Amino acid sequence: MTDRPRVFSGMQPTGGAHLGNLIGAFSNWVGMQDEYETIYCVVDLHAMASPFAPAEMAESRLRLAKMIIAAGVDPNRSLLYYQSALPEHSELYWMLGTLVGVGQLQRMTQFKEKSDRSGQGFGLLAYPVLQAADILIHRAHAVPVGDDQAQHLELTRDIAERFNARFGEVFPIPERITPEIGARVMSLQSPTDKMSKSDPNSKATVFLTDSTDEIVRKIKAAVTDAGTDVAYDWDDKPGVSNLLEMFSHFSGRPIDELVDEYGDGGYGSFKMAVAEAVAGGVGPIRERYEGLSDDEVTRVMEESASRAALSADETMAAVKVAVGLS
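Counting restarts for each chain: residues are numbered from 1 in the order of the written sequence. Local features are withheld for residues below a pLDDT of 70 in this predicted model, meaning they are given only at 70 or higher, and side-chain atom pairs are given and counted only at 80 or more; totals for whole chains, interfaces and linings count all residues. As a convention, hydrogens and water are excluded, and side-chain values are obtained from all of the structure's heavy atoms.

Visitor: So what exactly am I meant to see when it comes to the overall build of the protein chain here?
Guide: Here a strand is any run of E in DSSP of at least two residues, a helix any run of H or I of at least four, and the numbering for each starts at the N terminus. When helices and strands are tallied, the protein chain shows 13 helices and five strands. Radius of gyration means the value over C-alpha atoms here, while the globule rule gives 2.2 Å times the residue count to the 0.38 power. For 326 residues, the compact-globule formula gives about 20 Å, and the C-alpha radius of gyration of the protein chain, at 21 Å, lands near that figure. Dimensions along the principal axes, computed over C-alpha positions, put the protein chain at roughly 70 × 45 × 40 Å. In this description, contact between two residues means that some pair of their heavy atoms is separated by no more than 4.5 Å. Within the protein chain, residue pairs in contact and separated by at least 24 positions form 74% of the contacts whose partners lie at least 6 positions apart. Calculation of accessible area relied on Shrake-Rupley with a 1.4 Å probe; when residues are assessed, cover is drawn exclusively from the protein chains displayed. Here the protein chain has roughly 14800 Å² of accessible surface; of this, 49% comes from carbon and sulfur atoms. In this tally, Asp and Glu contribute negative charge and Lys and Arg positive charge; neither His nor the terminal groups of the chain are included. Think of each charge as sitting on NZ of Lys, CZ of Arg, CG of Asp or CD of Glu. Charged side chains of the protein chain number 30 positive and 47 negative; the gap between the two group centres comes to 4 Å.

Now the structure itself:
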C-alpha cells in the first residue's frame, strides 16, 4: 500500500454496461488512478440480493470485469477483483451489522423504493451494511458516489463512527467524491429518470457494446424539449441538458461553449454532433473490450484478488483485536 489517499468503488454485474456507467463511474475511476490508491470491485455478492440465474451471473461478472479494463482501469495501477473472492467482505459485514438497527435500514430510500418490486428480502434490507463493509475492509478514505448512493455512504460513515467510538480508532471516515459533470446520466427517452440497464425501451440506453450505427440511431431518437433552442437548464430542458453533458464529456469542451455554438441551430444538427462525439468515444472502448480474452481477464482478476486480500487481512486483524476476538 502507498501513502496516497485510498479510494474504493464497486459495481454490480447486472445487465450490460452503458453510457451512464462510463461517464458516471469508469471515466472517474480511470482519472483517480493518478491521484489516489484505487481499489475497484465487481460486487457480485450484491447482485445476489435479487433473483438471478447462476450461468448468467458467471457471464455477467466476467463481462463487467472486461469492460472496466477496456474503459481504461489499469490492473497494474489499481486493484480490481470480484467481491466474492475475498471472504473478509462477508466477515466484516456481519460484525458491522451488529451496530445497525433494523429501523435505520428500513428508512433507506432505495429499500423503500425497491421493496415493493422485489419483496421484503433480507438481502435488499441489509445491502447498505455489505456496502459499508466493502468500503471499510480496505479502510478507504474516499468513495465516488452519485446522488442515488449518497444516503448509503452516510450510513457507512455512521457505522465507522460507531465502531470507532465503541472499540477504538480502526476506520477512517470515508469522504464523498462527486464529479461535477456526469454524476447521473439520464435516460434518452425519459430524461427525468436515470439511464438504466433494465429499461424496457431499447432506445433509452446506450450500451458500451452498441455499434456506431446503433449509438447514432438512439441519440437521434432522444427525447428533447419544447422549443428548438439548445440550452443548459435541467428544470425546463432536461433532455437537452442530458445530451449537453454527454457532449461535454466526450468532446472535452465546456457546456457554455457548446451552447454558444449550437444554441440557435435546432435540435437536428445538435443531436448529430452529440451522436458523433459519443460514438467516437465509445468505439475504442468497444474494440478493446472485444479484443480481451476471457482467460486473460480471469487471470488478472485472480492476481488482483490476491493483492487485495493483503489489505483485507490487515484490516480484519485490527478489527478482531479491537473487538476482542484476537
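Past the structure itself, the notes keep going.
Visitor: Mind showing me how you'd approach the nonpolar core here?
Guide: Nonpolar side chains in soluble globular proteins tend to end up buried together. In this text, buried Ala, Val, Leu, Ile, Met, Phe, Trp, Tyr and Cys residues form a nonpolar core when linked through side-chain atoms within 4.5 Å. With a 1.4 Å probe rolled over the protein chains alone, any residue whose accessible area is under 20% of its type maximum counts as buried; one over 50% counts as exposed, and the rest are partly exposed. Judged by nonpolar contacts, the single largest core of 59 residues is most densely connected at L19, F26, W29, I219, M246, F270 and V278. Of all the elements, helix α12 (residues 267–291) adds the most residues to this core, at eleven residues. Other than its neighbours up to four places away in sequence, V278 contacts L19, I215, I219, M246 and F250. Ranked by size, the runner-up nonpolar core spans 39 residues in total, among them F111, A140, A312 and M316.

Visitor: I'm lost on the pattern of salt bridges in this one. Help?
Guide: Pairing is possible between side chains that carry opposite charge, provided their charged atoms lie close to one another. We define a salt bridge as a side-chain nitrogen of Lys or Arg found within 4 Å of a carboxyl oxygen belonging to Asp or Glu. Applying the stated criterion across every chain, the model contains 15 salt bridges. Residue K237 is joined to D229 by a salt bridge in which the shortest nitrogen-to-oxygen separation is 3.3 Å. Residue classification places D229 among the partly exposed positions, given a relative accessible area of 33%. Shared partners join several salt bridges into a network, and the residues in it are E154, R157 and E175.

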